[in-house]
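As a plain string of letters, each chain reads:
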Amino acid sequence: MAKINAPVRNKEELEVEIIDLSYQAMGVAKVDNYPLFIADTLPGEKVMVKVTKTTKNFGYARVLAYLKKSPDRVENPKQKYMQTGIAPLGHLKYEAQLQFKQKLIQDLLKKAHLDLSVDQTLGMEPPYGYRNKAQVPVRQVRGQLEIGFFKQNSHDFLPLENFMIQDKRIDEVLLAVRDILRFYRTPAYNEEHHNGVIRHILVRRGYYSKEVMVVLVTRTKDLRQAKEIAQKIQEQCPDVVSVLHNINDKKTNVILGQETRLLAGKETITDTLNGLSFEIGAQSFYQVNPVQTEKLYNEAIKRAGLTGNETVIDAYCGIGTISLNMAKHAKKVYGVEIVPQAIKDAKENAKRNYLAHNTEFEVGDAESWMAKWQAQGIKPDVIMVDPPRKGLTESLIESATQMAPRKIVYISCNPATLVRDLQQFKDCGYEVTQPILPVDQFPQTTHVESVTVLERKK
Ligand code: SAH
């Protein structure tokens, strides 16, 4: 690419038209082909901006005035949500959010010269209040304990009462817990001095079971009047069936520490997903949007075309949620996952649901297990992959395709690595046979989840 000399100077004011929306939800304008990224702007809008930063290949600017607004703009969105990063797409109408996610995949495919179609994004109504888990920081603001959020990429703490995308009941429980902590004068954590007590409150709620778990995360081993606090929480919120105390004394962004103590009720809550029952602890990985997860899994399983006779591999299986869903429709399911506790949970969950007889779960790297299974002569009909954001490795794609499954179903949470991996699958003799289906797991945010089906070329 030719070297561009920035055609704009820092602090310069100019009028621009927004032509695109980046995957970080920034409006994009071009000045002589030089991209300017501008927060809180949408395609089609005309704005007066002031340049705030320039680099060799792109710059940033901020809006001084809107000259023409987009019909897709949500007027008066709660600005706080956007600042906090809770809802970076909160200023875009939901229909347009769904189109944005579809287009994001389409654009990446086009760039990679892959001629594939992408279905409309499968959305949800209402696109709010969907998260079944919240972990909110606690800080002292003007002498008062507050719950809230950090502005994106900063240490600026904003007190908040309505978190918009969390289950409404979770917000209510959070406020009750906040007030109880205020009553007991429990000191909030201070990050700068690494003192104080309460760092985070974590709340999980079963979508179907309605059971609630509260975890108080403290810096100190000691939480004064812990029993009284737990009792008050249960008195005020009878649906709280589990109150836990987690200790995290490290200077870290990781929310939970190693040690968890039971303060009241039970250690776990249960919930169901497509009628299967799962036990969820403070640390368990569990999909956060239950409504959309059921749709995502059903679409993936439908595309796998199971009839009851198939051998299936579920790489990246977590606590076995997809594996067990598939085990109901397959002869045998093998799952692999790198986190040992998740596999322990997966095995428990298999027993709970009377599916231990046709499932096998292994701890380890998907890549090495794929090779091991291949060496053992296991011949999967379907391989399901649901990797983290970094996608698949070349050697995983190699061993997966060498086992010659009829179908590979790829659930992706990152379109960039999906498109990269699809190119390699193509080289290994697998082609995409149905339109890629985006499923909106995270409304109001820029996350894009999708299902792709690959089949062996005849
Ligand atoms: N399918 C599950 C989890 C998907 S998230 C669900 O829907 O709930 C991706 C999972 O891959 C995480 O649980 C993560 O721990 C796991 N993982 C990450 N790298 C891995 C690797 N190299 N091998 C196996 N599992 C891995």
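Residues numbered from 1 in each chain as written. Predicted model: local features only at pLDDT ≥ 70, side-chain atom pairs only at ≥ 80, totals over all residues. Heavy atoms only, no water.

1. Brief notes about the overall build of the chain
- Of the regular secondary structure elements, the chain holds ten helices and 23 strands.
- The globule rule puts the C-alpha radius of gyration for 458 residues at 23 Å, and the 24 Å found for the chain is close to it.
- The principal-axis extent of the C-alpha atoms belonging to the chain is close to 65 × 65 × 35 Å.
- Across the 458 residues that make up the chain, the buried fraction comes to 55%.
- Counting contacts in the chain only where the partners sit at least 6 residues apart, residues at least 24 apart contribute 64% of the total. (Helix = DSSP H or I, 4+ residues; strand = E, 2+ residues; numbered from the N terminus. Rg over C-alpha atoms; globule rule 2.2 N^0.38 Å. Buried < 20%, exposed > 50% of the residue type's maximum accessible area, 1.4 Å probe, protein only. Contact = heavy atoms within 4.5 Å.)

2. Concerning empty space enclosed by the protein
- Taken as a whole, this structure holds one cavity of 30 Å³ or more when the rule is applied.
- Taken together, Asn132, Arg204, Arg205, Gly206, Ile269, Asp271, Ile280 and Tyr286 form the lining of the largest cavity.
- Elements with a contribution of two residues or more to the lining of the largest cavity: β10 (198-205) and β14 (269-273).
- Residues that form the lining of the largest cavity fall into these classes: three nonpolar, two polar and three charged. (1 Å grid on protein atoms, 1.4 Å probe; cavity = no way out; pocket = protein on both sides within 12 Å on 5 of 7 lines; lining within 4 Å. Points joined across faces, edges and corners; volume = space filled by probe spheres on them. Nonpolar A, V, L, I, M, F, W, Y, C, P; charged D, E, K, R; others polar.)

3. Points about the packing of helix α2 (residues 94-111) against helix α10 (residues 415-427)
- Where α2 contacts α10, the two axes come as close as 10 Å, and the packing angle between them is 40 degrees. With respect to the hand of their crossing, α2 and α10 are arranged in right-handed fashion. Of α10, the residues touching α2 (which contributes Leu104, Ile105, Leu108 and Leu109) are Pro415, Ala416, Val419 and Leu422.
- For the contact of α2 with α10, a count of residues per class yields eight nonpolar, no polar and no charged. (Axes fitted to C-alpha atoms, helices over the stretch in contact; angles between N-to-C directions. Left-handed = near helix turned anticlockwise from the far one by under 90°.)

4. Quick look at the UniProt feature "binding site: S-adenosyl-L-methionine" (unreviewed entry) in the chain
- When the UniProt feature table is mapped onto this chain numbering, "binding site: S-adenosyl-L-methionine" (unreviewed entry) sits at Gln287, Tyr316, Glu337 and Asp386. The annotated residues that sit in the lining of the second largest pocket are Gln287, Tyr316, Glu337 and Asp386.
- Considering the arrangement of structural elements, one finds Gln287 in the loop between β15 (276-280) and α5 (290-304).
- On the accessibility criterion, Gln287 (14% relative accessible area) is buried.
- Excluding its chain neighbours within four sequence positions, the residues that come into contact with Gln287 are Asn132, Thr293, Tyr297, Asp386 and Gln441.
- In this fold, Tyr316 is placed in the loop between β16 (311-315) and α6 (321-327).
- With residues near it in sequence (within four places) discarded, Tyr316 still touches Val336, Glu337, Ala366, Val385, Asp386, Pro387, Pro388, Gly391, Leu392 and Leu396. (UniProt positions renumbered as here; feature names shortened; annotations may be inferred.)

5. Observations concerning the environment of Gly265
- Checked against the element boundaries, Gly265 lands in strand β13 (residues 259-265).
- The exposure class of Gly265 is partly exposed, given its relative accessible area of 49%.
- Measuring from C-alpha to C-alpha, the distance between Gly265 and Ala230 comes to 9.2 Å, with 35 residues separating the pair along the chain.
- With sequence-adjacent residues up to four places away left out, Gly265 is seen in contact with Gln234 and Val241.

6. A few points about the site of the ligand
- Taken together, the neighbourhood of the ligand is formed by 16 residues, with Gln287, Tyr297, Glu337, Asp365 and Ala366 sitting nearest.
- Residue Tyr297 places a side-chain N or O atom 2.5 Å away from an oxygen atom belonging to the ligand.
- The contact in question runs from an oxygen atom of the ligand to an N or O atom on the side chain of Glu337, over 2.6 Å.
- Isolated, the ligand exposes 570 Å² of accessible area, and the fraction of that covered by the protein chains is 86%.
- Most atoms of the ligand, that is more than half of them, are within 2 Å of grid points of the second largest pocket.
- Of the residues that constitute the shell around the ligand, the class distribution is nine nonpolar, four polar and three charged. (Near = heavy atom within 4 Å. Polar contact = N/O pair within 3.5 Å; in protein donor to acceptor, adjacent residues only side chain to side chain. Areas by Shrake-Rupley, 256 points an atom, 1.4 Å probe, with all protein chains shown as cover. Sits in = over half its atoms within 2 Å of the grid points.)

7. Structural notes on the UniProt feature "domain: TRAM" (unreviewed entry) in the chain
- As recorded in UniProt, the feature "domain: TRAM" (unreviewed entry) lies at residues 7-65.
- End-to-end, the C-alpha atoms of residues 7-65 are 21 Å apart, and along that stretch the chain is 0% helix and 56% strand.

8. Re the sheet that holds strand β3 (residues 27-31)
- Reading across from one edge, β1-β5-β6-β4-β3-β2 is the order of the six strands in this open sheet, with mixed pairing throughout. Whereas interior strands pair on both sides, the edge strands pair on one side only; in this sheet they are β1 (13-17) and β2 (20-21).
- By the bridge criterion, eight bridges tie strand β5 (residues 46-54) to strand β6 (residues 59-68) in an arrangement that is antiparallel. Looking at β6, one finds that Met48 is bridged to Ala65. (Pairing = 2+ DSSP bridges.)

9. Things to note about the packing of aromatic side chains
- Scanning the model with the defined rule gives eleven aromatic pairs in all.
- Relative to Tyr184, the ring of Phe183 lies with its centre 5.1 Å away and its plane at 85 degrees, an arrangement referred to as edge-to-face.
- With a centroid separation of 6.5 Å and 75 degrees between ring planes, the pair formed by Tyr410 and Phe425 is classed as edge-to-face. On the criterion of sequence distance, the pair formed by Tyr410 in strand β20 (residues 407-412) and Phe425 in helix α10 is long-range, its members being 15 residues apart. Each member of the pair, Tyr410 as well as Phe425, carries the same accessibility label: buried.
- Of the aromatic side chains, those joined through ring pairs into one cluster are Phe37, Phe58 and Tyr60.
- Taking NZ or CZ as reference, Lys69 lies 4.8 Å from the ring centre of Tyr66, over its face. (Phe/Tyr/Trp six-rings, centres within 6.5 Å; stacked < 30°, edge-to-face > 60°. Lys NZ or Arg CZ within 6 Å of the ring centre and 35° of its normal.)

10. A word on the sheet that holds strand β9 (residues 157-159)
- Strand order in the open sheet formed by seven strands is β9-β8-β7-β10-β11-β12-β13, with mixed pairing between adjacent strands. Whereas interior strands pair on both sides, the edge strands pair on one side only; in this sheet they are β9 and β13. With direction set aside, neighbouring strand axes in the sheet form an average angle of 35 degrees.
- Relative to β13, strand β12 (residues 240-247) is paired through six bridges, and the arrangement is antiparallel. Within the sheet, the bridge partner assigned to Ile247 lies in β13 and is Glu259.
- Helix-sheet contacts for helix α3 (residues 168-183) involve β7 (133-141), β8 (144-150), β10, β11 (212-218) and β12, and the interaxial angle to β10 is about 145 degrees.

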